[in-house]
Amino acid sequence: MTPPADSAGASSEGAAPRPNPELFSGSLIWWVEAPTSAQYYIQAILEGYEGFGYYQTLLAHAGEDEDGAPYALARITSTESVREDMARLLAGLGEECGLRLPDAAPDIAPDHQPEAG
C-alpha cells in the first residue's frame, strides 16, 4: 500500500485538496484518524447501526498524536442520506475516544484497497 503523500490532502500532482467527507460512486467517504486502541470500539459502534457505515483501516500506524499514542488512518463508507447523523456520531467519538477527521482527504484513492498482509 502506498501511504498518503501528505496529510493535508494535496495530491502529488498539485491539485486542490479533496474535501472530507467526499462523495464517490454514490457513497460518502469519511477519512478518519483513529487511535489504535479505539479501532475495534469504533468499528463495533458502526456495526451496531445496520447500513449506517462501514469502517476500514487503511494504514494501521499512520503516525502518533501529540502524546505519542499511535493512530491509524481509516475510511468510513456511508451514504449522503446519513451525513448529519454520521457527523454527530463522529463528533461524539472524537470527544469520547479521540477520533479525528482531517480537514481534507489524504492522497489515496477513495476506493483504494489495502494489501493483505
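Scroll up for the structure.
In short, a report on the structure. (Residues numbered from 1 in each chain as written. Predicted model: local features only at pLDDT ≥ 70, side-chain atom pairs only at ≥ 80, totals over all residues. Heavy atoms only, no water.)

What follows concerns the sheet that holds strand β4 (residues 70-78). Spatially, β1-β2-β4-β3 is the arrangement adopted by the four strands of the open sheet, whose pairing is antiparallel. Unpaired on one side and paired on the other, β1 (22-24) and β3 (54-64) mark the two borders of the sheet. The average angle at which neighbouring strand axes cross in this sheet is 30 degrees, direction not considered. Against the sheet, helix α1 (residues 39-47) touches β2 (27-35), β3 and β4, its axis set at about 160 degrees to β3. Strands in contact with helix α2 (residues 83-97) are β2 and β4; relative to β2, the strand with the most contacts, it is inclined by about 0 degrees. (Pairing = 2+ DSSP bridges. Helix = DSSP H or I, 4+ residues; strand = E, 2+ residues; numbered from the N terminus. Axes fitted to C-alpha atoms, helices over the stretch in contact; angles between N-to-C directions. Contact = heavy atoms within 4.5 Å.)

Here we come to the nonpolar core. Ile42, Leu46, Tyr55, Ile76 and Met86 are the most contacted members of the largest nonpolar core, which totals 18 residues. At the level of elements, β2, α1, β4 and α2 are the ones that each hand at least two residues to this core. Counting residues per element, this core draws most heavily on α2, which supplies five residues. Counting residues in hydrophobic clusters, the runner-up holds six residues, among them Ile29, Trp31, Leu58 and Leu73. (Core = buried A, V, L, I, M, F, W, Y, C linked by side-chain atoms within 4.5 Å. Buried < 20%, exposed > 50% of the residue type's maximum accessible area, 1.4 Å probe, protein only.)

A separate point is the environment of Thr77. Within the fold, Thr77 resides in strand β4. Judged by its relative accessible area of 24%, Thr77 falls in the partly exposed class. Separated by 22 residues in sequence, Thr77 and Tyr55 place their C-alpha atoms 6.7 Å apart. Sequence-distant contacts of Thr77, that is, excluding residues within four places in its chain, are made with Ser27, Leu28, Ile29, Phe52, Gly53 and Tyr54.

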